[in-house]
Amino acid sequence: MIRTFCTNRIRKTEELSDSLWKFSPCAGEHSGQVYQVSVPTCWESIPDFAAYRGEGVFTREFQAGGTIRLVFQGVSHTARICVDGREAGRHYNAYTPFSCVVKGLQEGIHTLEVYADNSFSEKSALHVPNDYMSYGGISRGVVLEQLKGAYIEYVHAVPLREDSVWKADLKVKVNSVSEEDCCYRLNIRLETGEEVVEEFSLKAGEEKILSHRILAGQVEPWCIENPKLYTVNAVLLDETGAVDDLTERMGFREIKTEGKDLLLNGKKLRIKGFCRHEDHPMFGCALPYSAICQDLMIMRDLGANAVRTSHYPNDQLFLDLCDEMGILVWEENHARGLSLEQMQNPYFEEQAETCIVEMITAHINHPCILIWGILNECASDTPYGYECYKKQYELIKEMDTSRPRSSASCKFKTDLCFGLPEIVSYNLYPEWYHDESAKDYVKEIYEWVQNESEGRNKPFLVTEIGAGAIYGYRTPTMCKWSEEYQAKALEDQMMAVLEQEGCSGVFLWQFCDVRISPEWFSNRPRTMNNKGIVDEYRRRKLSYDVVKRIFHSYPDYR
Ligand code: ADA
């Protein structure tokens with residue numbers, strides 16, 4: 001399953017995932033053997049490959065002819081795509097979508113090979129041994145599209161409120177895949193009935209972005225309590241009739257910062273959220289729709305209104321569901337805890353910036369996304385790091401001015417970057433990595449930000465706070481790693497943050513226990529990050545009821 005709604009009625013599409021493919025590892029003791037696997041899959045889910053790191057190839061046949069486009073929602077982490085043995089495209093990063101166009105196919109059966117590589121090397125600046133697992137495989141959906149002379153690459157629809165009137169900023173990118181110049185008409189229709197039509201010509205192979213600001217008519221705003229969505233449908237026509245279409249969804253809502261407040265439709269938000277990795281012991285990072293739904297339902301039960309996609313862009317299915325459920329999302333580009341030296345990797349800037357471009361291009365329409373984040377816990381305390389943060393923040397602003405930006409810092413009183421974004425965010429671990437009381441520590445950091453940093457008078461968020469517990473380890477001694485200790489630490493931490501004057505809320509670290517890279521074992525029993533409120537199978541720890549009680553006792557607005 002790719003999306004929760006139908007995106008094309010005219011363009012012919014076929015989902016190639018949600019079916020059995022062949023998988024063969026390119027190295028190791030099973031090299032050359034062929035396995036039947038379901039796609040999406042991480043090969044770590046196949047018993048022989050639970051710890052395989054390297055390259056593997058996924059193969060299946062498909063039937064088509066003419067010009068096709070293959071769309072991959074996520075291949076982990078480096079992909080090479082071949083059609084009938086000829087390379088059709090390459091892509092780096094497990095967490096962003098990409099596509100390849102192949103022209104001139106004979107009508108008939110063809111072979112698709114997807115080479116996926118999850119190995120670590122200098123060429124991979126973002127996927128490094130880390131406190132989460134870089135799995136291998138086709139981890140998200142794959143679609144085959146049959147194209148005519150031109151196609152709509154994207155429809156961007158960003159809401160805007162001017163003088164109490166809702167409008168939509170529309171941008172539609174159209175690409176020619178024809179050998180000839182041609183004239184087209186584009187019809188864009190908002191579900192409310194508002195419509196715009198533009199005629200234009202495209203030279204052979206040309207790409208064009210068409211922009212319009214339109215009045216939205218009577219709309220119900222999107223909010224937590226009533227996440228109302230509207231479709232935006234674009235149809236491309238030539239003189240023979242409709243050749244292509246694309247339907248997207250949007251929500252009319254406004255996210256602003258005003259002094260220390262984060263405002264959703266003018267109301268002061270209180271974030272009650274979880275950090276969540278895409279991780280599951282049975283599926284790796286390739287969670288199926290029902291498992292994603294289940295995670296969101298558990299978060300709902302716990303009283304959360306928000307989720308942080310730590311530490312990379314998430315599957316569109318997840319975002320579609322958050323749009324529908326009224327769950328707010330902090331989405332961030334892919335990076336976790338990169339040191340100055342890692343940021344100086346020659347591939348770092350290009351890979352991190354490409355991730356931002358691909359993330360915003362694919363996800364800009366989701367009303368659930370309220371903040372764009374970058375560079376979790378990277379070297380924001382160094383002049384070199386500062387320049388990278390600045391460049392990446394500017395890149396976001398060039399692409400989307402409708403959302404505030406932030407990044408989760410662990411640099412305490414040495415962060416140099418708080419003057420750059422609209423929101424100041426901290427990851428704090430009092431009562432876990434050090435013994436200072438949560439209340440005093442949160443207050444101390446908050447006051448330092450207000451009195452001595454360029455982050456003063458901006459909204460302040462705690463983007464991580466938490467403690468580890470091994471599921472089932474219970475002891476009255478209240479020692480670390482016990483469920484009792486975690487429950488007590490979370491109670492102190494949550495109260496400290498939610499009671500801190502001027503603080504806009506919290507994302508707890510973390511929703512569930514997750515597997516980590518074995519190379520990164522320090523402080524991580526079971527080679528897992530054990531700070532989940534539920535364990536990796538989503539079984540409740542003692543902290544569950546504590547978190548649920550506290551989140552439910554604070555309203556969504558301050
Ligand atoms: C961080 C980091 C998380 C995780 C957490 C922890 O600050 O952003 O990815 O590693 O600490 O568990 O210590």
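The structure this text deals with has already been given above.
The rules behind the values
- Residues numbered from 1 in each chain as written.
- Predicted model: local features only at pLDDT ≥ 70, side-chain atom pairs only at ≥ 80, totals over all residues.
- Heavy atoms only, no water.
- Pairing = 2+ DSSP bridges.
- Helix = DSSP H or I, 4+ residues; strand = E, 2+ residues; numbered from the N terminus.
- Near = heavy atom within 4 Å.
- Polar contact = N/O pair within 3.5 Å; in protein donor to acceptor, adjacent residues only side chain to side chain.
- Areas by Shrake-Rupley, 256 points an atom, 1.4 Å probe, with all protein chains shown as cover.
- Nonpolar A, V, L, I, M, F, W, Y, C, P; charged D, E, K, R; others polar.
- Phe/Tyr/Trp six-rings, centres within 6.5 Å; stacked < 30°, edge-to-face > 60°.
- Buried < 20%, exposed > 50% of the residue type's maximum accessible area, 1.4 Å probe, protein only.

Enquirer: Help me out: how do you make sense of the sheet that holds strand β10 (residues 137-138) in this one?
Expert: Strand pairs in the sheet, formed through backbone hydrogen bonds, run parallel or antiparallel to each other. On the basis of which strands lie adjacent, the open sheet formed by 3 strands has the order β4-β10-β6 and antiparallel pairing. Strands at the two margins of the open sheet, each flanked by one partner only, are β4 (41-42) and β6 (75-76). Two strands pair when backbone bridges link them, and β6 and β10 are joined in this way by 2 bridges, in the antiparallel orientation. Bridging across to β10, valine 75 finds its partner in isoleucine 138.

Enquirer: Explain the site of the ligand to me, please; I cannot follow it from the model alone.
Expert: Around the ligand, the surrounding shell holds 13 residues, and the nearest of these are Asp131, His311, Glu377, Tyr433 and Lys531. With respect to the ligand, the side chain of glutamate 464 contributes an N or O atom lying 2.7 Å from an oxygen atom. Arginine 524 places a polar side-chain atom, nitrogen or oxygen, 3.1 Å from an oxygen atom of the ligand. Within the complex, the protein chains bury 96% of what would otherwise be the 320 Å² of accessible surface of the ligand. Looking at the shell around the ligand residue by residue, the class counts come to 3 nonpolar, 4 polar and 6 charged.

Enquirer: Help me understand the packing of aromatic side chains, please; the structure alone is not making it clear to me.
Expert: Two aromatic rings are characterised by how far apart their centres lie and by the angle between their planes. Evaluation of the coordinates by the stated rule reveals 25 aromatic pairs. Pairing phenylalanine 72 with phenylalanine 98 gives two aromatic rings, centres 5.0 Å apart and planes at 15°, and the pair type is stacked. Remark: phenylalanine 98 occurs in strand β9 (residues 98-117) and phenylalanine 72 occurs in strand β5 (residues 55-72); sequence separation between them is 26 residues. Considered together, phenylalanine 72 and phenylalanine 98 belong to a single accessibility category, that of buried residues. Note on tyrosine 95 and tyrosine 312: the rings are 3.7 Å apart at their centroids and 10° apart in plane angle, and the pair reads as stacked. Of this pair, tyrosine 95 sits in the loop between β8 (86-92) and β9 while tyrosine 312 sits in the loop between β23 (306-308) and α2 (316-325), placing them 217 residues apart in sequence. Here tyrosine 95 matches tyrosine 312 in class, with each residue buried. Here the aromatic cluster, defined as three or more aromatic residues joined through ring pairs, consists of Phe23, Tyr35, Trp43, Phe49, Tyr52 and Phe58.

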